Amino acid sequence: MNSLSADDYASFPLTLFDQLFERTTFLTGWLVEGTIDTDALATALAGVTKKWRMLSGRLESLQDEDNRWWNGADRRILLLPKDVLSFLVNSVRAELRGSSEGSNAAEVTTGDILVAWVLKTVYSQGTSPKSIIYCSNLASFRTVLAEDDPSILQYPHNAFVPLPYPSLTVAQLNSTSLPELSRTFALSRSALAISHVSSSYDAVVSATAFPASPDVHENMVVSNVSASRILESDWSAVGAVRTVCGYRYQLTPNELLMTNTVYIAGRLDDGSVVLDVSLNKARIDLLAKEVLTLKAAGEQVGSEMT
């Protein structure tokens, strides 16, 4: 494997981790300002799909009313402004530094805090306290395997499993502070090991299903692709002035879209974080309201410091 280049991996057969999505196609799109040179774009895409056959396919736009949603869910894009995100992250880290385990505050990432905040917010109301929740936060395991074979870092196909988060009741989520839950998620993230990859592989050997726990009442799927910087893709070569936003949805044979999902798409050029969510209306409203609450709290703190 060490002698192979990134191009060589394009012809590799897909693995069991890819078969999880064999009946689902995830589409990523960009909303850009400007007039796109469609001929130039078509030529560029043809070159990419010729080299990377796994990216080829026929894409078409679907209207929302043509798709079916589970349990009254809907899809929305929420923006977390830069100042709101900074206030949220700084507040959590300040509390962690003041705790008995303050030395670990730096190990809690913005991603840990965002996932904990989303989970606490959407389950703060409307769900039975006895309900058991599992957050399936998908993470790449390339770095885990790279300890034995660094070339795996160039592997382009699916190589992710859910982080080993604990299952929690809604009552536990509500009684655990945001800083403490963020720290719990950070510890779970750092604990990802080859044993988790092996157990995930074993779990799907005899079944084709999206990574989820069968032993809980609800699964929430989170995908944080901020590190890939997808929203920072430069489309200026085909006429775009700037990227306004991004979006993602999926196509399935029965047009039934997966819900109770949160896709952390990354940051826009103004520093805002894009949250692409598929949730029921009540949970979308809870998130939107909490963004406004954080914004007001941040402005209040700012005014008190001036």
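Residues numbered from 1 in each chain as written. Predicted model: local features only at pLDDT ≥ 70, side-chain atom pairs only at ≥ 80, totals over all residues. Heavy atoms only, no water.

Participant: Could you clarify how one ought to interpret the nonpolar core in this entry?
Facilitator: Grouped burial of nonpolar side chains is what soluble globular proteins tend to show. Leu-80, Leu-114, Trp-117, Tyr-123, Met-220, Ile-264 and Leu-287 are the most contacted members of the largest nonpolar core, which has 53 residues in total. Take this core: its biggest share by element is 8 residues, from helix α4 (residues 110-122). In this structure, Leu-231, Cys-245, Leu-268 and Val-274 belong to the second largest nonpolar core, which totals 7 residues. (Core = buried A, V, L, I, M, F, W, Y, C linked by side-chain atoms within 4.5 Å. Buried < 20%, exposed > 50% of the residue type's maximum accessible area, 1.4 Å probe, protein only. Helix = DSSP H or I, 4+ residues; strand = E, 2+ residues; numbered from the N terminus.)

Participant: Is there a simple way to explain a nonpolar patch on the surface in this structure?
Facilitator: A cluster of nonpolar side chains, namely Ile-77, Leu-79 and Tyr-247, defines an oily patch on the protein surface of about 240 Å² accessible area. Here Ile-77 is to be found in strand β3 (residues 73-80). Classification of Ile-77 by relative accessible area gives partly exposed; the value is 33%. (Patch = residues over 30% accessible without salt bridge, like charges linked within 9 Å, V, L, I, M, F, W, Y side chains within 5 Å. Areas by Shrake-Rupley, 256 points an atom, 1.4 Å probe, with all protein chains shown as cover. Salt bridge = Lys/Arg side-chain N within 4 Å of Asp/Glu carboxyl O.)

Participant: What am I meant to see in the pattern of salt bridges here?
Facilitator: When the charged atoms of two side chains lie near each other, side chains of opposite charge can form a pair. Counting across every chain of the model gives 9 salt bridges. With a closest N to O distance of 3.1 Å, Asp-276 and Arg-75 form a salt bridge. Here Arg-75 lies in strand β3 and Asp-276 lies in strand β11 (residues 273-280), a separation of 201 residues in the sequence. Looking at Arg-75, the relative accessible area reads 17%, which means it is buried. When the shortest N-O distance is used, the salt bridge between Glu-218 and Arg-283 registers 3.0 Å. Taken as a pair, Glu-218 in strand β7 (residues 218-224) and Arg-283 in helix α9 (residues 281-305) lie far apart in primary sequence, 65 residues in all. Classification of Arg-283 as buried rests on a relative accessible area of 8%.

Participant: Help me understand the packing of helix α3 (residues 82-97) against helix α7 (residues 178-190) in this model?
Facilitator: Axes are the key here: two packed helices are described by the angle between their axes and the distance separating the axes. Axis separation between α3 and α7 bottoms out at 9 Å; the angle between their running directions is 85 degrees. Classified by the angle their axes make, α3 and α7 are roughly perpendicular. Of the residues in α7, those in contact with Leu-88, Val-92, Glu-95 and Leu-96 of α3 are Leu-178, Pro-179, Ser-182 and Arg-183. Looking at the contact of α3 with α7, its residues break down into 5 nonpolar, 1 polar and 2 charged. (Axes fitted to C-alpha atoms, helices over the stretch in contact; angles between N-to-C directions. Parallel < 35°, antiparallel > 145°, perpendicular 65-115°, else oblique. Contact = heavy atoms within 4.5 Å. Nonpolar A, V, L, I, M, F, W, Y, C, P; charged D, E, K, R; others polar.)

Participant: Can you help me understand α4 in this one?
Facilitator: Between its first and last C-alpha atoms α4 spans 18 Å; for 13 residues at 1.5 Å apiece the expected length is 18 Å, and the two agree. Summarising burial for α4: 12 of the 13 residues are buried, a large majority. (Expected span 1.5 Å × (residues − 1).)

Participant: Would you take a moment to explain the packing of α4 against α7 for this structure?
Facilitator: Between α4 and α7, whose axes approach to 8 Å, the crossing angle comes to 125 degrees. Here α4 is positioned oblique relative to α7, judged by the angle of their axes. Both α4 and α7 take part in a crossing whose hand is right-handed. Contacts between α4 and α7 involve Asp-112, Ile-113, Val-115, Ala-116, Trp-117, Leu-119 and Lys-120 on the former and, on the latter, Leu-178, Leu-181, Ser-182, Phe-185, Ala-186 and Arg-189. Considering only residue class, the contact of α4 with α7 consists of 9 nonpolar, 1 polar and 3 charged. (Left-handed = near helix turned anticlockwise from the far one by under 90°.)

Coordinates in, geometry out; function isn't part of it.
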